[in-house]
Amino acid sequence: HNDINIEIMLKLLSSATRAIACPGAFNGITGLQALQAGFSSVYISGGALSAAAGVPDVGLLELSDFAAAIQQVKRACPQLQIVADADTGFGGPESISKCIYEYNHAGASVVQIEDQVFPKRCGHLDGKQVVPIEEGVARIAAAVAARNAHAPDLLICARTDARSVTGLDDALERCSLYIEAGADVIFPEGLLTAEEFKIVANILKSTQPQPSSGTPATSTMPSCSPPFLLANMTEFGKSPALHEDELFEMGYSIVIYPVTPLRAALNATCHLYGQLQQYKTSGHPKVLSTLMPRKEMYDLYNYAPSSNSTSNTSQAFEQAWCYPSGTWEPPLGKNDDLQ
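Everything in this summary refers to the structure shown in the same document. (Residues numbered from 1 in each chain as written. Predicted model: local features only at pLDDT ≥ 70, side-chain atom pairs only at ≥ 80, totals over all residues. Heavy atoms only, no water.)

1. Overview of the overall build of the protein
Stated formally: Helix numbering and strand numbering both begin at the N terminus, where a helix is a DSSP run of H or I of at least 4 residues and a strand a DSSP run of E of at least 2. Residue burial is assigned from relative accessible area. The probe radius is 1.4 Å, only protein chains are included, and a residue is buried under 20% of its type maximum, exposed over 50%, and partly exposed in between. Residues count as neighbours in contact if any of their non-hydrogen atoms are within 4.5 Å of one another. Here the Shrake-Rupley method, with its probe set to 1.4 Å, supplies the accessible areas, and only the displayed protein chains count as covering residues.
Helices and strands together make up the secondary structure of the protein, namely 13 helices and eight strands. Buried positions account for 50% of the 339 residues belonging to the protein. Of all intrachain contacts in the protein linking residues separated by at least 6 positions in sequence, the fraction that spans at least 24 positions is 73%. Total accessible area computed for the protein in this model is approximately 15,900 Å², and 55% of it derives from carbon and sulfur atoms.

2. Examining the nonpolar core
Let me state the cut-off plainly: Residues enter a nonpolar core if they are buried and are Ala, Val, Leu, Ile, Met, Phe, Trp, Tyr or Cys, with the set joined through side-chain atoms within 4.5 Å.
Within the largest apolar cluster, 64 residues are counted, with the highest numbers of intra-cluster contacts made by Ile-100, Tyr-103, Ile-186, Phe-197, Leu-247 and Tyr-252. The element best represented in this core is helix α4 (residues 63–76), accounting for six residues. Setting aside residues no more than four positions away along its own chain, Ile-100 makes contact with Val-111, Ile-113, Ala-143, Ala-146, Arg-147, Leu-154 and Ile-156. Within the second largest apolar cluster, 17 residues are counted, among which are Val-83, Val-185, Phe-187 and Phe-228.

3. Concerning the environment of Ala-142
Inspection of the secondary structure puts Ala-142 in helix α6 (residues 133–150). Exposure remark for Ala-142: the relative accessible area of 14% places this residue in the buried category. With 39 residues separating them in the primary sequence, Ala-142 and Ala-181 have C-alpha atoms 9.2 Å apart. Residues within four places of Ala-142 in sequence aside, it is in contact with Pro-93 and Ile-96.

4. Observations concerning the pairing of strand β2 (residues 41–44)
Put simply, the rule reads: By the convention used here, strands pair only if DSSP detects at least 2 bridges between them.
Of the two faces of β2, the one lined by Ser-41 and Tyr-43 and the one lined by Val-42 and Ile-44 are each fully buried. Sheet topology places β2 next to strand β3 (residues 81–85); four bridges connect them, and they run parallel. Considered in β3, the bridge of Val-42 is made with Ile-82.

5. Some remarks on the pattern of salt bridges
Basically, it comes down to this: Salt bridges are counted wherever a side-chain nitrogen of Lys or Arg sits within 4 Å of a carboxyl oxygen of Asp or Glu.
All told, the structure shown has 15 salt bridges when counted by the stated rule. Asp-126 serves as the salt-bridge partner of Lys-238, at 2.7 Å between the closest nitrogen and oxygen. With Lys-238 in the loop between β7 (228–232) and α9 (244–250) and Asp-126 in the loop between β4 (110–114) and α6, the pair connects residues that are 112 residues apart, well separated along the chain. A salt bridge links Arg-139 to Glu-135, with the nearest nitrogen and oxygen atoms 3.6 Å apart.

6. A short note on helix α5 (residues 93–106)
Counted only if it meets this: For a helix, the expected span equals 1.5 Å multiplied by the residue count minus one. By definition, the arc is the one covered by directions from the helix axis to the C-beta atoms.
The end-to-end C-alpha distance of α5, which contains 14 residues, comes to 20 Å, matching closely the 20 Å that a straight helix rising 1.5 Å per residue would cover. Buried residues of α5: Ile-96, Cys-99, Ile-100, Tyr-103, Asn-104 and Ala-106, and no others. Buried positions in α5, seen along its axis, are confined to an arc of 160° and lie on one side of it. Exposed residues on α5 whose side chains face more than 90 degrees from its buried face are Glu-94, Lys-98 and His-105. One or two steps after α5, the chain reaches Gly-107, where phi turns positive at roughly 125°.

7. Some thoughts on the side chain of Asp-115
What counts is decided by this rule: Whenever two N or O atoms come within 3.5 Å, that pair is a polar contact, provided that in protein one can donate a hydrogen and the other can accept it, and provided that, for residues adjacent in sequence, both atoms are side-chain atoms.
Within the element layout of this structure, Asp-115 appears in the loop between β4 and α6. Residue Asp-115 is classed as buried on the basis of its relative accessible area of 1%. Only 2.8 Å separates the side chain of Asp-115 from the side chain of Tyr-178, close enough to count as a polar contact. Contacts of Asp-115, omitting those with residues within four sequence positions, involve Gln-129, Val-130, Val-131, Gly-136, Arg-139, Arg-159, Thr-160, Asp-161, Ala-162, Arg-174 and Tyr-178.

8. Regarding the pairing of strand β1 (residues 20–23)
In β1, alternate side chains face the same way, and those of Ile-20 and Cys-22 on one face and Ala-21 and Pro-23 on the other are all buried. Note: β1 against strand β8 (residues 252–257), four bridges, orientation parallel. If you follow Pro-23 over to β8, its bridge partner there is Tyr-257.

9. Section: the environment of Ile-96
Tracing the backbone shows Ile-96 in helix α5. Take Ile-96: its relative accessible area is 1%, and that puts it in the buried class. In sequence terms Ile-96 and Ala-141 are 45 residues apart; their C-alpha atoms lie 9.8 Å from each other. Not counting residues up to four positions away in its chain, the partners in contact with Ile-96 are Thr-88, Gly-89, Gly-91, Ile-113, Arg-139, Ala-142 and Ala-143.

10. Structural notes on the side chain of Glu-114
Mapped onto the secondary structure, Glu-114 falls in strand β4. For Glu-114, a relative accessible area of 1% translates into the label buried. Here Gln-116 takes part through its side chain, which lies 3.3 Å from a polar atom of the side chain of Glu-114. Once residues within four sequence positions are removed from consideration, Glu-114 is found in contact with Asp-85, Asp-87, Thr-88, Lys-120, Arg-139, Arg-159 and Asp-161.

11. So, the sheet that holds β8
This is how the line gets drawn: Axis definition: a line fitted to C-alpha atoms, over the contacting stretch in the case of helices. Angles run 0 to 180 degrees between N-to-C directions.
Here eight strands make up an open sheet; going across it, the order is β1-β8-β7-β6-β5-β4-β3-β2 and the pairing parallel. For this open sheet the edge positions go to β1 and β2, each flanked by a neighbour on one side alone. Neighbour to neighbour, the strand axes of the sheet diverge by 20° on average, direction disregarded. Judged from the four bridges that link them, strand β5 (residues 155–160) and strand β6 (residues 185–188) form a sheet pairing that is parallel. The residue of β6 that forms the bridge with Ala-158 is Ile-186. Where α6 meets the sheet, it contacts β4 and β5, and its direction lies at approximately 170° from that of β5. On the sheet, helix α7 (residues 168–180) packs against β5 and β6 and is oriented at approximately 165° with respect to β5.

The analysis is restricted to geometry; functional conclusions fall outside its scope.
What follows is the structure, encoded as structure tokens:
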């Protein structure tokens, strides 16, 4: 039923009164934490998935790795909309077609493809290269054709890394051509100043996309009409840290924090391992104070094991939890983004 989820994403974009914030989620439990915190959408980042696997973001993970992560997050929390990184599309047009099919089947609402050469690298590192503009357009056209064949309402996001390689003018030209090729969302990576974010938005919001079955009616609010714009607010990179409201006023509909939760998790586990080495027990107060209690962890995925030892075990478990996502619902007052 991914078509229903995509329809929800379209409604969120076309009727938003603020930017849709997408924190990174790299597995099911982080997706559940994002949902519990009130987020309607998450971003699955190739950089975060690579780091979680212990390898650099240079295209080492395969399509199956990405699809499995999307599926895990979606099964854990079907309510979430997923914006999913697909790097360079995992190959030529045929591979891009397979990618679109697999991502839709796994539960993505938005699929992002970039114009770097392979092997690619993090968009905020120097030394990147981009493919010729014709090849970039061909990638997006292949994604759009596959979308039209497999999932007419799936949103295609085109990312360009040209800003720090060939300059802002080339980045703008690429974005305009990607819109003409049918991209619904545009992701200008590595912009250097707030003024550049404004310039890109002002120029691209005047570019009309090709009609598609997934494109909602034009809104009077720039951020709520296609082409939708995505801003990357990753930390320690080339772009300034801008507020979501400022970006929305400029015309950006989606703001991603792709590696933020992973950075926090790595910092926490690094500290924990040091404490375990120091105190030689997890029972030390300084260790325990940093840990999520058992009940809070179980509550994330709505697991309440039966305390009745005389009851039928399988029946008690079935009453307590149901695969794949239990019966968890966002707490009242914490889901303002969920409309």
